[in-house]
Amino acid sequence: MATIEECRAALGKLSDNMQGAEGDVRAAAALDRSVSCHITDLDVTFAGRMTGGRIEVVETLPGPPREKAEIRLAMAGDDLVALVGGELNFATAWGSGRVRLEASLLDLFRLRKLL
């Protein structure tokens, strides 16, 4: 099972990958939205913003998200680490229910380029 530190590092790596993206992926990463990522097996939520092509984690909270972010992710810690490491395909994980992503329809269309 991934630790809180490994999950936070994975989010940092995802943020770095987003910042280095080009073309359509860079445009999708340029959204300015509140973000939460609930790590279900650790029952912890990383909350912050996607802005300037990066994910800025502002706080780590116990339990599920307290406020409804504009972009909401939920998954096990191992799945987050595997997704960012390229070992798990997002579409497969999302389709099987291992990863939950909630956002507006327009944001979902933009985010599909990132994921």
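What this report covers is the structure whose coordinates are included nearby. From a predicted model like this one, the values you see are computed outputs, not experimental measurements.

Analysis parameters
Residues numbered from 1 in each chain as written. Predicted model: local features only at pLDDT ≥ 70, side-chain atom pairs only at ≥ 80, totals over all residues. Heavy atoms only, no water. Buried < 20%, exposed > 50% of the residue type's maximum accessible area, 1.4 Å probe, protein only. Helix = DSSP H or I, 4+ residues; strand = E, 2+ residues; numbered from the N terminus. Pairing = 2+ DSSP bridges. Axes fitted to C-alpha atoms, helices over the stretch in contact; angles between N-to-C directions. Contact = heavy atoms within 4.5 Å. Core = buried A, V, L, I, M, F, W, Y, C linked by side-chain atoms within 4.5 Å. Salt bridge = Lys/Arg side-chain N within 4 Å of Asp/Glu carboxyl O.

Counting buried positions along strand 1 (residues 33-39) gives seven out of seven residues, so the element sits mostly inside the fold. The two faces of strand 1 match: Arg33, Val35, Cys37 and Ile39 on one face and Ser34, Ser36 and His38 on the other face are all buried. As paired elements, strand 1 and strand 2 (residues 44-51) share seven bridges and run antiparallel to each other. Bridged to Cys37 within strand 2 is Phe46. Adjacent in sequence and paired antiparallel, strand 1 and strand 2 are bridged by four residues, among which Asp43 carries a positive phi angle near 50 degrees.

Before going further, it helps to spend a moment on helix 3 (residues 77-84). Counting buried positions along helix 3 yields six of eight residues, so the element is predominantly enclosed. Along helix 3, the residues classified as buried are Gly77, Asp79, Leu80, Ala82, Leu83 and Val84. Of the residues one or two after helix 3, Gly86 is the one with positive phi, at around 80 degrees.

On to the sheet that holds strand 3 (residues 54-62). Sheets are built from strands paired through backbone hydrogen bonds, the pairs being either parallel or antiparallel. Spatially, five strands are ordered 3-2-1-4-5 in an open sheet, and the strand pairing comes out mixed. At either end of the open sheet lies a strand with only one pairing partner, and these are strand 3 and strand 5 (99-102). Sheet twist, expressed as the mean angle between neighbouring strand axes with direction ignored, is 20 degrees. Pairing geometry for strand 4 (residues 71-75) and strand 5, over four bridges, is antiparallel. Following the sheet pairing, Met75 is matched in strand 5 by Val99. Against the sheet, helix 1 (residues 4-19) engages strand 1, strand 2 and strand 3, with an angle of about 160 degrees to strand 3. The strands touched by helix 3 are strand 1, strand 4 and strand 5; relative to strand 4, the strand with the most contacts, the crossing angle is about 110 degrees.

All right, on to the pairing of strand 2 then. Most of strand 2 sits inside the fold, with six of its eight residues counted as buried. Across eight bridges, the pairing between strand 2 and strand 3 is antiparallel. By the bridge assignment, Gly48 is partnered in strand 3 with Val57. The hairpin formed by strand 2 and strand 3 contains two residues between the paired strands, and Gly52 there has a positive phi angle of roughly 60 degrees.

With that settled, the discussion passes to the nonpolar core. With 27 residues, the main nonpolar core has Ile39, Met50, Ile71, Met75, Leu80, Val99 and Leu111 as its most contacted residues. The set of elements that each furnish at least two residues to this core consists of helix 1, strand 1, strand 2, strand 4, helix 3, helix 4 (90-95) and strand 5. Sequence-distant contacts of Met75, that is, excluding residues within four places in its chain, are made with Cys37, His38, Ile39, Thr40, Leu80, Leu83, Arg98 and Val99.

All right, on to the pattern of salt bridges then. In total, this model carries five salt bridges according to the counting rule given. In this structure, Arg33 and Asp107 form a salt bridge, with 2.8 Å as the shortest nitrogen-oxygen distance. Separated by 74 residues along the polypeptide, Arg33 in strand 1 and Asp107 in helix 5 (residues 105-111) bring together distant segments of the chain. According to the relative accessible area criterion, Arg33 is buried, its value standing at 18%. Residue Asp107 is classed as buried on the basis of its relative accessible area of 4%. With a closest N to O distance of 2.5 Å, Arg98 and Asp79 form a salt bridge. Here the residue Arg98 occupies a position in the loop between helix 4 and strand 5, and Asp79 occupies one in helix 3, the gap between them amounting to 19 residues.

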